[in-house]
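For reference, the chains in residue letters:
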Amino acid sequence: VYIRKHPLEIPRPSEKDWLKDDEEDFFLQDPDRKHDVLPQPFRMINKLVMLVFENAMEIIERREVLREAQKLKVQPTKCFPTAEFQVTGRANCLAVSGEYIFVGLSLGLAAFRVSDCSQVCAWDEVKMEVCAIHTSNLGNECHVLLAVDGMGLVWLFCFHKENFLLIKILNEMEDISKRTACVEVVLSPGGDYAGVLLQGNTKAWLEIYQLPKDSWLKETEKNPEAAAGLACKERRSSWTSATDVFLLQESPVSADKTDAKLSPPVLLLKVKPPKPITGSSFQSPLDALKKVDDGSMLGLGYDHLIKGSQWEQQEAIFRSTYREYLEAEGESESKEEIPRHATFHFVLPSRILQVGLEMKVQPDVPAGISVHWDGSHNLCFYLLNHPLKEKVDSHPKPDVVWPCAAPIACSAVSSCFRYLALACEDAAITIWDKHLGYPLAVTAILEERLIRSIHFL
């Protein structure tokens, strides 16, 4: 039996038993609860609930302030559709020129009038799927169109008085094995020139065409009946598919083959990718000097005196010296490949391209093009006002070369065609004034990131 040795004593009160300030304030502010204070742990739960409620109210107040500030800002205009174009098949692309909207369909082309959204003409003779359209207004109710189909063929049309006139397929080949596919099409402002980037099985090149728009205007005016086509009649469409919804009850005019023979475009330039720089084949410095021009501009670096053995020796020294770093990065010896993609822009007359006095230059007509290939350090300029030759030079020399410190990743031209932006693979961006011929700004992104595309706003 357990027997207590000392008498039971009541312990004296201590500071630990005193009420805290927050608890005193809690019940003194609410006299009705003076005699029925919540015991623990309910007081703790009450505090947590009140804390959550106060935080929620703060969040609500901040959102209200932001919402009121947003209302004071200028709100963007909301645009809602005002009309609907009903097409036969699937619409893949569209382009606007003058008072017409040209739509690329899954089985041809169609032209709509902007004023009343009505279809005025359709071209579905070949049943091709149009993937891209480029157009320009030539004046006198005449428009030029470049359409790219799903097979990579480039179709050149002249739209005159609400009729499609097929002029030529630019990259048509009789031998299917030698057929080339179009990668990119650029139509110059005003419709004077067209550039087509083509790719074959193992190679790629750029073709620049001069479009005889003045001849087209004269030919269509002299022979309007032939330009109108053999027959432009309304006919009911008979082709539908499970995926294409037939919205039009009648397909308006369909331009058939026409007897009107318009002048074909003229091939001005055929630019191929730059070849890799190899060892020199010159026997003496005098032979190399004979190949060099007047020396007033930089070239592509092919005319040099470095032998192939010197290249190989320098490469071996470099790899033996930095073998550890090359192995750590996993870099292996790879043969330099010829690039297969290029970016090109049409260039208006400026100080960059010096045109001779004997050539007539218009300020709004392109005088040249700028081209840079993937992985190349050089931005090359080619003049378009050279005298026409019977046979186009397969390897034309650039008239101006701009070397860069790093390979050019992408480029862009402003809407006024005066400013050129170059972005290199080292994340450096340069803005050039093409009219004056000097850089306006050079900036670099601190974080080394590859720039994929660049645009003017």
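Keep in mind the model is a prediction, meaning the values are calculated, not measured.

So, how was this worked out
- Residues numbered from 1 in each chain as written.
- Predicted model: local features only at pLDDT ≥ 70, side-chain atom pairs only at ≥ 80, totals over all residues.
- Heavy atoms only, no water.
- Helix = DSSP H or I, 4+ residues; strand = E, 2+ residues; numbered from the N terminus.
- Buried < 20%, exposed > 50% of the residue type's maximum accessible area, 1.4 Å probe, protein only.
- Contact = heavy atoms within 4.5 Å.
- Areas by Shrake-Rupley, 256 points an atom, 1.4 Å probe, with all protein chains shown as cover.
- Phe/Tyr/Trp six-rings, centres within 6.5 Å; stacked < 30°, edge-to-face > 60°.
- Lys NZ or Arg CZ within 6 Å of the ring centre and 35° of its normal.
- Pairing = 2+ DSSP bridges.
- Axes fitted to C-alpha atoms, helices over the stretch in contact; angles between N-to-C directions.
- Salt bridge = Lys/Arg side-chain N within 4 Å of Asp/Glu carboxyl O.
- Patch = residues over 30% accessible without salt bridge, like charges linked within 9 Å, V, L, I, M, F, W, Y side chains within 5 Å.
- Core = buried A, V, L, I, M, F, W, Y, C linked by side-chain atoms within 4.5 Å.
- pLDDT = per-residue confidence, 0-100.
- Polar contact = N/O pair within 3.5 Å; in protein donor to acceptor, adjacent residues only side chain to side chain.

Caption draft 1: Up close: the overall build of the protein. The helix and strand tally for the protein stands at 7 helices and 20 strands. A total of 457 residues make up the protein; the buried ones form 36% of that total. Considering only residue pairs separated by 6 or more positions, the protein has 52% of its internal contacts joining residues 24 or more positions apart. Carbon and sulfur atoms form 55% of the exposed surface of the protein, whose accessible area is close to 30,600 Å².

Caption draft 2: Structural context of the packing of aromatic side chains. Following the criterion strictly, the structure yields 14 aromatic pairs and no others. When the centroid spacing of 6.4 Å and the interplanar angle of 10 degrees are considered together, the rings of Trp155 and Phe157 count as stacked. Its relative accessible area of 5% is what places Trp155 among the buried residues. The interplanar angle of 65 degrees and the centroid separation of 5.0 Å between the aromatic rings of Phe381 and Trp402 together place this pair among those described as edge-to-face. Within this pair, whereas Phe381 is found in strand 15 (residues 378-383), its partner Trp402 is found in strand 16 (residues 400-403), the two being separated by 21 residues in sequence. For the pair shown, Phe381 and Trp402 are each scored as buried. One aromatic cluster is present, built from ring pairs that chain together Tyr100, Phe102, Trp123, Trp155, Phe157, Phe159 and Phe164. Residue placement shows Lys270 over the ring face of Trp205; its charged tip is 5.0 Å from the ring centre.

Caption draft 3: Focus on the sheet that holds strand 5 (residues 130-139). Pairing in this open sheet of 4 strands is antiparallel, and the strands run 5-6-7-8 from one edge to the other. For this open sheet the edge positions go to strand 5 and strand 8 (164-169), each flanked by a neighbour on one side alone. Neighbour-to-neighbour, the strand axes of the sheet open up by a mean angle of 25 degrees, direction not taken into account. Where strand 7 (residues 154-160) and strand 8 come together, 5 bridges link them in antiparallel fashion. Along strand 8, the bridge assignment pairs Cys158 with Leu165. Helix-sheet contacts for helix 3 (residues 213-222) involve strand 5, strand 6 (142-149), strand 7 and strand 8, and the interaxial angle to strand 5 is about 75 degrees.

Caption draft 4: A look at the sheet that holds strand 20 (residues 438-444). In spatial order, the strands read 17-18-19-20; together these 4 strands make up an open sheet with antiparallel pairing. A strand with exactly one partner marks an edge of an open sheet, and here the two such strands are strand 17 (408-413) and strand 20. Each adjacent strand pair in this sheet contributes to an overall mean axis angle of 15 degrees, direction not counted. With 6 bridges connecting them, strand 19 (residues 428-433) and strand 20 associate as antiparallel partners. In the strand pairing of strand 20, Ile431 is matched with Ala441.

Caption draft 5: Geometry of the pattern of salt bridges. Summed over the entire model, instances satisfying the criterion amount to 7 salt bridges. A salt bridge links Lys213 to Asp192, with the nearest nitrogen and oxygen atoms 3.4 Å apart. Taken together, the positions of Lys213 in helix 3 and Asp192 in the loop between strand 9 (181-187) and strand 10 (193-199) put the pair 21 residues apart, joining distant regions of the chain. We classify Asp192 as buried; its relative accessible area is 13%. For Asp433, the salt bridge goes to Arg418, with nearest N and O atoms at 3.0 Å. Taken together, the positions of Asp433 in strand 19 and Arg418 in the loop between strand 17 and strand 18 (419-424) put the pair 15 residues apart, joining distant regions of the chain. Taking the relative accessible area as the measure of exposure, Arg418 reaches 31% and is therefore partly exposed. Salt bridges sharing partners connect three or more residues here, namely Arg113, Asp116 and Glu162.

Caption draft 6: Examining unusual backbone geometry more closely. Phi is positive for Asn140, which is not a glycine, with a value near 55 degrees. Mapped onto the secondary structure, Asn140 falls in the loop between strand 5 and strand 6. Of note, the phi angle at Ala427 is positive, near 65 degrees, even though the residue is not glycine.

Caption draft 7: Fine view of the side chain of Ser188. Within the element layout of this structure, Ser188 appears in the loop between strand 9 and strand 10. Residue class for Ser188 comes out buried when judged on its relative accessible area of 1%. Every residue in contact with Ser188, bar those within four places of it in the chain, is listed here: Tyr193, Phe346 and Pro366.

Caption draft 8: Region of the structure containing a nonpolar patch on the surface. On the surface, Met50, Phe53, Met57 and Ile60 cluster together into a nonpolar patch covering about 380 Å² of accessible area. As for its position among the elements, Phe53 is in helix 2 (residues 42-72).

Caption draft 9: Region of the structure containing the nonpolar core. The biggest cluster of nonpolar side chains holds 23 residues, and the ones touching the most others in it are Leu146, Val154, Leu156 and Trp216. Within the residue set of this core, elements represented by two or more residues are strand 6, strand 7, strand 8, strand 9, strand 10, strand 11 (204-210) and helix 3. The element contributing the most residues to this core is strand 6, with 4 residues. When residues no more than four places from it in sequence are discounted, the contact partners of Leu156 are Val144, Leu145, Leu146, Leu165, Leu166, Ile167, Lys168, Leu170, Leu211, Trp216 and Pro265. Membership of the second largest hydrophobic core comes to 20 residues, among which are Val120, Leu145, Leu153 and Phe157.

Caption draft 10: Quick look at the confidence of the model for the protein. Residues at a pLDDT of 70 or more form 75% of the protein, whose mean pLDDT is 79. Across residues 229-259 the pLDDT falls below 50, and counting only partners more than four positions away or on other chains, this stretch makes 55 contacts in the model.

Caption draft 11: Quick peek at the pairing of strand 9. Of the strand pairs in this sheet, strand 9 and strand 10 are connected by 6 bridges, and their pairing is antiparallel. Of the residues in strand 10, the one forming a bridge with Glu184 is Leu197.

Caption draft 12: Representation of the side chain of Arg319 in the model. In this structure, Arg319 sits in helix 6 (residues 308-321). For Arg319, the side chain forms a polar contact with the side chain of Glu315, separated by 2.9 Å.

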